[in-house]
Amino acid sequence: MTEQRDDIYAQQRERIERFSFDERVVRVFPDMIKRSVPGYATTIDMIGVLAARYAQPDTCVYDLGCSLGAATLAMAALTPPDKGSLVAVDNSPAMIEKARDLLRDQGLQDRVLLRQADVAEMAFEPTSVAVLNFTLQFIPLEQRDALIQRLADATREGGILVLSEKIRFEDAAENALQSEWHHAFKRNNGYSDLEISQKRSAIEEVLLPETLAVHEERLRRAGYREVRVWFRCFNFMSLVAVR
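A few points on the structure. Owing to the predicted nature of the structure, the values given are computational and were not obtained by experimental measurement.

### Topic: the nonpolar core
- Counting residues in hydrophobic clusters, the biggest one holds 49 residues, and the most contacted among them are Met-75, Val-129 and Ile-160.
- With residues near it in sequence (within four places) discarded, Ile-160 still touches Leu-50, Tyr-54, Ser-128, Val-129, Ala-130, Thr-155, Val-240, Ala-241 and Val-242.
- Within the second largest apolar cluster, 30 residues are counted, among which are Val-89, Leu-136, Leu-147 and Phe-169.

Below, the structure written as structure tokens:
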């Protein structure tokens, strides 16, 4: 796929609409996420490594909130077909349509079951690897506990959940500093102060970050017996929770 530069917020807007994963975002998504999320490429690569380690036969391997299927492709590259059925889910029709094209380009249309659905409401088949890669942060707060509980209940013993999220910090000064570092990262990747400000206004009521402690407590309460941070950069992190 030819990567198009993210210029969605490059011009001054009189009215900032709520951020959504629509056709405009799909057009520039690979560039947007690479320039906005520190360590994204590493996160994707290591999801493939973790899937290869933990995927079990006769289970589903879920990419929940798959967007264009980057984590799906990473898992497909490192897990043989007999180590779980790959299922990629997203609620955005535009994302699903483009993901279907990308899977076809890679010859994976028969290997991956692609579903348009709301992961906060769907039921899960037995799973050994589930991935929420910067997905939970977009789900309403009141639905998060139930989603994680359903995933935990569906996860086979020894299976995992990979949870990647933007986080906030209880200490206001620490939170401000981490946000400042993140904005510096974005500036270094070519975003202007106008773009950063307008994107923040668009997404602040859509992406609702929680603290690391809240995530860890929720996972343990759901029944995951081990919870480890395996990656963190500024106010972005990824956890592995073992059932």
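### Regarding the packing of aromatic side chains
- All chains considered together, the criterion is met by eight aromatic pairs.
- When the ring of Phe-21 is compared with that of Phe-138, the centres are 5.2 Å apart and the planes differ by 80°; the resulting orientation is edge-to-face. Of this pair, Phe-21 sits in the segment before helix H1 (23-36) while Phe-138 sits in the loop between strand E4 (127-133) and helix H5 (141-154), and the two are 117 residues apart along the sequence.
- On the basis of relative accessible area, Phe-21 is assigned to the partly exposed category, the value being 28%.
- Between Tyr-62 and Phe-124, the ring centres sit 5.4 Å apart and the planes meet at 75°, which makes this aromatic pair edge-to-face. Highlighted residues: Tyr-62 in strand E1 (residues 60-64) and Phe-124 in the loop between strand E3 (112-116) and E4, separated in sequence by 62 residues.
- In this structure Phe-124 comes out as buried when scored by relative accessible area, which is 13%.
- Within the aromatic cluster, the residues linked to one another by ring pairs are Phe-19, Phe-21, Phe-29 and Phe-138.

Procedures and definitions
Residues numbered from 1 in each chain as written. Predicted model: local features only at pLDDT ≥ 70, side-chain atom pairs only at ≥ 80, totals over all residues. Heavy atoms only, no water. Core = buried A, V, L, I, M, F, W, Y, C linked by side-chain atoms within 4.5 Å. Buried < 20%, exposed > 50% of the residue type's maximum accessible area, 1.4 Å probe, protein only. Contact = heavy atoms within 4.5 Å. Phe/Tyr/Trp six-rings, centres within 6.5 Å; stacked < 30°, edge-to-face > 60°. Helix = DSSP H or I, 4+ residues; strand = E, 2+ residues; numbered from the N terminus.

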